[in-house]
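Spelled out, the chains give:
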Amino acid sequence: MIKLTLAQLNYTVGDIAGNVARMTEAARQAVRDGSELVVFSELSLTGYYPGDLLDDPLFQARTADGLEALRQASRELPELAWVVGAPIGRTGPGKKWHNGLLVLRDGVVLLSYAKQLLPTYNIFDERRHFEPGPDVAPVLQIGKARVGFMICEDGWNDQGADYELNPFRRMQQAAPDLVVSINASPSEIGKRELRHKVFAQACAQNGLPLLYVNQIGGQDQIVYDGASFAAQPAEGVVFEMKRFEEDVVTLRFEGGCFLTPQGECPRPVDPRGLPTMAFYQAQIVLGLRDYARRCGFKQVVVGSSGGIDSALTLALAAQALGADNVAAVTMPSRYSSSGSVDDSVALCRNLGITLYTHPIAEAVDVYARQFEASFGQPLQGLPLENLQARIRGTILMEYSNAFGHLLLTTGNKSEVSVGYCTLYGDTNGGLGPIGDLYKTEVFALSRHINEAAGRELIPAAIIEKPPSAELAPGQKDTDSLPPYEVLDEILRFVIEGERLAPDEYRQAREFVEHLRGTDDGQALIARVRRMVGRNEYKRRQAPPIIRVRARAFGAGRQMPIAARHD
């Protein structure tokens, strides 16, 4: 029998001292629980992922100091073994670092292991900084148990589809009593269920019980959901920790089974994850809260147009930071409907948010008169529409600078995909909370928020009215774009394709194949593809977005700007 503590913590990249402090407190709890082993997640010392900070000599020195601090802390708790993730320096050809796992006890490094499989796809770029470790199966005697160790990607290749090496099969040959896997596994829709499937299958095929310890928290675009778990060969996943929360839990491992400290079987794990909209809400709220906190912002500001995108952004911001820390600004022009202003008032009243009014009609007129005086022709059409968006963006940045608020941009994935946004206007901001939600999902999430609250936080008038930028008389989004129900299916197929969940991919593929059956449908698909391609330059200059899907704009989708897309 062995007692193990799983520490699912929210680390900050680069905050070495803070990360050490969090780990030390969890280790003290492990000792209070009578544990022999405490397990932290991948790169827990530095936070995942430090990127090119690994090339910074000062960061390297702080990392070394942090590792020494962990060694000293382990001396204060000599009966406990610590499993920590940290960069490990190396010499010789290749990169300067291993992505490492260290087992410390009483100030001594009992085991050092280097991650073998380094992901370099989607949002991952580990081969940029790390050298793969040797093909070994690290096993260490901890109390009465032989414990094997692996790091994240090492456990994802049991089917042999992505790499020649199979660390799980090597581990089977070493025959430990159980395996501990430390991870920094990003969250996206369906990812929890995929982890359960992959690791339960690997445990069954190799006859190995496994503890999977993940981190939580938002880091730039990426959110980690925790949901650490234990799996057994016959039963699959038998225990799961909290999702989207820090959690420190102690388990017993006895007779090949994971038990509570009292020797009971853990509560059954529901194989179903959160419903899609509940997942989006939890992911975005955690990502926004951590992004603001880590960047030093306590308050945010949002331009409130009276439309669905800004309404949803405000509702999520109020949940993440508290209504008192959210400001909204309505900026009516001569084309704004009275309903849009009234809807902003109702929304902010429902949410408890302060709403400021800053009309822009006079400023637009001044710009337009000077443009004609300087260039000899009137400002009209698209330049006049974009001017309004840019004046609004400037006002919001003025507010941000004057009062210290983080400006949240409100663009959704449908609009950002096809460039239905204005550079230096409604794309201004430090973060795009809903930038990975298609427009149809924006409506669905807004309805979900009202249903979950049991009252109308987002007014029905906002949800039900036709979307409009209100930059020209009688303007509707459908003047420039296909209906969002059509556009979003095409975009899912073009942008994400086989990265979609099977049912979602099948639906998008069948929809696009049906469109291809007519000349007009083929022309529409071609038009959407061109719009996505030629607006890459806008996305490259836009704020980061919070990632909720398998393929989001940003680091996970690297496309050239200067290229043909037809």
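Cut-offs used in this document
- Every chain is numbered on its own, with residues counted from 1 as its sequence reads.
- For this predicted model, a pLDDT threshold of at least 70 governs which residues receive local features, and a threshold of 80 or more governs which side-chain atom pairs are given and counted, while totals over whole chains, interfaces and linings are taken from all residues.
- As a rule here, side-chain values come from all non-hydrogen atoms in the structure, and water together with hydrogens is ignored.
- UniProt positions are given in the numbering used here, feature names are shortened, and annotations may be inferred rather than shown by experiment.
- Two strands pair if DSSP finds at least two bridges between them.
- Put simply, DSSP H or I for four residues or longer makes a helix, DSSP E for two residues or longer makes a strand, and each gets a number counted from the N terminus.
- Angles run from 0 to 180 degrees between N-to-C directions of axes, and those axes are lines fitted to C-alpha atoms, restricted for helices to the stretch in contact.
- Two aromatic rings, drawn from Phe, Tyr or Trp (for Trp, its six-membered ring), form a pair once their centres lie within 6.5 Å of each other, and the interplanar angle then sorts them: stacked below 30 degrees, edge-to-face above 60, tilted otherwise.
- Buried means the residue's accessible area, taken with a 1.4 Å probe over protein chains only, is under 20% of the maximum for its type, while exposed means over 50%, and partly exposed covers the values in between.
- By definition, residues are in contact when any of their heavy atoms lie within 4.5 Å.
- N or O atoms closer than or at 3.5 Å make up a polar contact, with two conditions inside protein: a donor-capable atom paired with an acceptor-capable one, and, for residues adjacent in sequence, both atoms drawn from side chains.
- Expected span of a helix: the number of residues minus one, times 1.5 Å.
- Any carboxyl oxygen of Asp or Glu that lies within 4 Å of a side-chain nitrogen of Lys or Arg is treated as forming a salt bridge with it.

Under the annotation held in an unreviewed UniProt entry, the protein carries the name Glutamine-dependent NAD(+) synthetase and is attributed to Bordetella genomosp. 13. According to UniProt, the comment filed for the protein under the heading Pathway (unreviewed entry) is "Cofactor biosynthesis; NAD(+) biosynthesis; NAD(+) from deamido-NAD(+) (L-Gln route): step 1/1."

(A) Inspection of the sheet that holds strand S16 (residues 300-303) at higher detail. Read across the sheet, four strands follow the order S18-S17-S16-S19 without closing on themselves; strand pairing throughout is parallel. Each of the sheet's edge strands pairs with one partner strand only, and the pair in question is strand S18 (354-357) and strand S19 (406-407). Direction of pairing for S16 relative to strand S17 (residues 326-330): parallel, over a ladder of four bridges. Bridge pairing in S17 places Val301 opposite Ala327.

(B) Broad picture of the sheet that holds strand S5 (residues 108-114). Strand order in the open sheet formed by seven strands is S5-S4-S3-S2-S1-S14-S15, and the pairing between neighbours is mixed. The sheet is open, and its two borders are formed by S5 and strand S15 (257-259), each paired with just one other strand. Across the sheet, the axes of successive neighbouring strands diverge by a mean angle of 35 degrees, strand direction being ignored. Pairing between strand S2 (residues 37-39) and strand S3 (residues 81-89): three bridges, direction parallel. Counted as the bridge partner of Val38 is Trp82 from S3.

(C) Broad picture of the packing of aromatic side chains. In total, this model carries 17 aromatic pairs according to the counting rule given. An angle of 10 degrees between the planes, with centres 4.6 Å apart, marks the rings of Tyr212 and Phe229 as stacked. Of this pair, Tyr212 sits in strand S9 (residues 210-213) while Phe229 sits in strand S12 (residues 229-232), placing them 17 residues apart in sequence. In this pair, the class of Tyr212 matches that of Phe229, namely buried.

(D) Focus on the UniProt feature "active site" (unreviewed entry) in the protein. Mapped onto this numbering, the UniProt entry gives "active site" (unreviewed entry) at Glu42, Lys115 and Cys152. Taken together, the annotated residues stretch across 111 residues yet fold into one region, lying no more than 9.9 Å apart by C-alpha. Look past the residues within four positions of Glu42 in its chain and what remains in contact with it is Tyr48, Gly85, Asn99, Lys115, Glu126, Ile151, Cys152, Ile182, Asn183, Ala184 and Gln215. Considering the arrangement of structural elements, one finds Lys115 in the loop between S5 and strand S6 (139-142). In terms of polar contacts, Lys115 uses its side chain to reach the side chain of Glu42, at 2.7 Å.

(E) Local environment of helix H5 (residues 276-294). For H5, spanning 19 residues, the distance from its first C-alpha to its last is 27 Å, which sits close to the expected 27 Å at 1.5 Å a residue. Along H5, 14 of the 19 residues are buried, which leaves the element largely enclosed by surrounding structure. Positive phi appears at Gly296, one or two residues downstream of H5, with a value of about 85 degrees.

(F) Region of interest: the pattern of salt bridges. Counting across every chain of the model gives 37 salt bridges. Residue Glu76 is joined to Arg28 by a salt bridge in which the shortest nitrogen-to-oxygen separation is 4.0 Å. Of this pair, Glu76 sits in helix H2 (residues 57-76) while Arg28 sits in helix H1 (residues 16-32), placing them 48 residues apart in sequence. Overall, the relative accessible area of 56% leaves Glu76 in the exposed class. Given the relative accessible area of 35%, Arg28 is considered partly exposed. When the shortest N-O distance is used, the salt bridge between Glu496 and Arg549 registers 2.8 Å. With Glu496 in helix H13 (residues 484-496) and Arg549 in the segment after helix H16 (536-541), this residue pair connects regions lying 53 residues apart in the sequence. The residues Glu496 and Arg549 share a single accessibility class, namely buried. It is possible to trace a salt-bridge network through shared partners that takes in Lys413, Asp436, Glu441, Glu489, Arg492, Glu496, Glu504 and Arg549.

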